[in-house]
Amino acid sequence: MVVDFRKSKSPPSPVCISGKDVEIVPSYRFLGVQLDNKLEWSTNTDAVYKKAMSRLYFLRRLRSFSVCSRMLQMFYPSVMASTIFFAAVCWGAGIKAKDANRLNKLNKKAGSVVGCRLDNLDEVVRDRMVLKLRTIMDSPSHPLHNTVDKLRSSFSNRLLQPRCSKERYRKSFLPSAIKLYNSLKPTQQ
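Being a predicted model, the structure only gives us computed values, none of them experimental. (Residues numbered from 1 in each chain as written. Predicted model: local features only at pLDDT ≥ 70, side-chain atom pairs only at ≥ 80, totals over all residues. Heavy atoms only, no water.)

Examining the nonpolar core
Here is the rule we go by: What we call a nonpolar core is a set of buried Ala, Val, Leu, Ile, Met, Phe, Trp, Tyr and Cys residues that are connected through their side-chain atoms within 4.5 Å. Burial status follows relative accessibility: with a 1.4 Å probe on protein chains alone, a residue under 20% of its type maximum counts as buried, one over 50% as exposed, and anything between as partly exposed. Secondary structure counts use DSSP, requiring at least four H or I residues in a row for a helix and at least two E residues in a row for a strand, with both numbered from the N terminus. Reported domain spans reflect what an automatic or database domain assignment gives.
In this structure, Leu 59, Tyr 76, Met 80, Phe 85, Trp 91, Leu 121 and Leu 133 are the most contacted members of the largest nonpolar core, which totals 41 residues. Listed by contribution, the elements that provide at least two residues to this core are α1 (42-64), α2 (69-84), α3 (88-91), α4 (97-114), α5 (121-138) and α8 (173-183). If you count residues domain by domain, this core takes at least three from each of domain 1 (29-121) and domain 2 (124-184).

Have a look at this one:
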């Protein structure tokens, strides 16, 4: 997969490994996440939506067999939510509103089947991103620890926002997580 944001795009030179040409693809599944050559998340959202719809079918089937609501509430996080929110720290801030709405509607349908209100995508992404940022801040062995440590304000418990010249970077993990972290009340930090 070739990721190229230059305005004058020239075709990439072919890559050979062990005498065989490497195929150029528009998207690639890596560790369960669909990445595309524009670094957009629509392809990943489609895959997540499709997988979660099949899990919703199983949830509905369980309810049709009169399974108690407690069992449904255990089934949802272990089978369905784990599918919907897998790697949300990676793609949560960069997802388009249209795709977020699709996933939120699916989650709302699951909530009606389970019989309770479930956290929407924004809430889950916010909580997981801040938790991941705190883990990075607390772990000196993490590769991003020094980067985040340099962004600590000397006057408060806040982190300085990194400069983002591109929207693509602004929607990535670190700037988004820092913005969320700074928006928390001081007692929550």
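Side note on the UniProt feature "transmembrane region" (unreviewed entry) in the chain
Heads up, the condition is: UniProt positions are given in the numbering used here, feature names are shortened, and annotations may be inferred rather than shown by experiment.
The positions UniProt marks with the feature "transmembrane region" (unreviewed entry) are residues 74-95. Helix makes up 68% of residues 74-95 and strand 0%, whereas the separation of the span's terminal C-alpha atoms amounts to 27 Å.

Quick word on the packing of aromatic side chains
The test is simple: By convention, a stacked pair of Phe, Tyr or Trp rings (six-membered ring in the case of Trp) has centres within 6.5 Å and planes under 30 degrees apart, an edge-to-face pair has planes over 60 apart, and any other such pair is tilted. Any Lys NZ or Arg CZ that is within 6 Å of a ring centre and within 35 degrees of that ring's normal is treated as a charge sitting over the ring.
A complete count under the given rule lists one aromatic pair for this structure. For the cation-ring pair, Arg 168 lies above Phe 5, with the distance from its terminal atom to the ring centre recorded as 3.4 Å.

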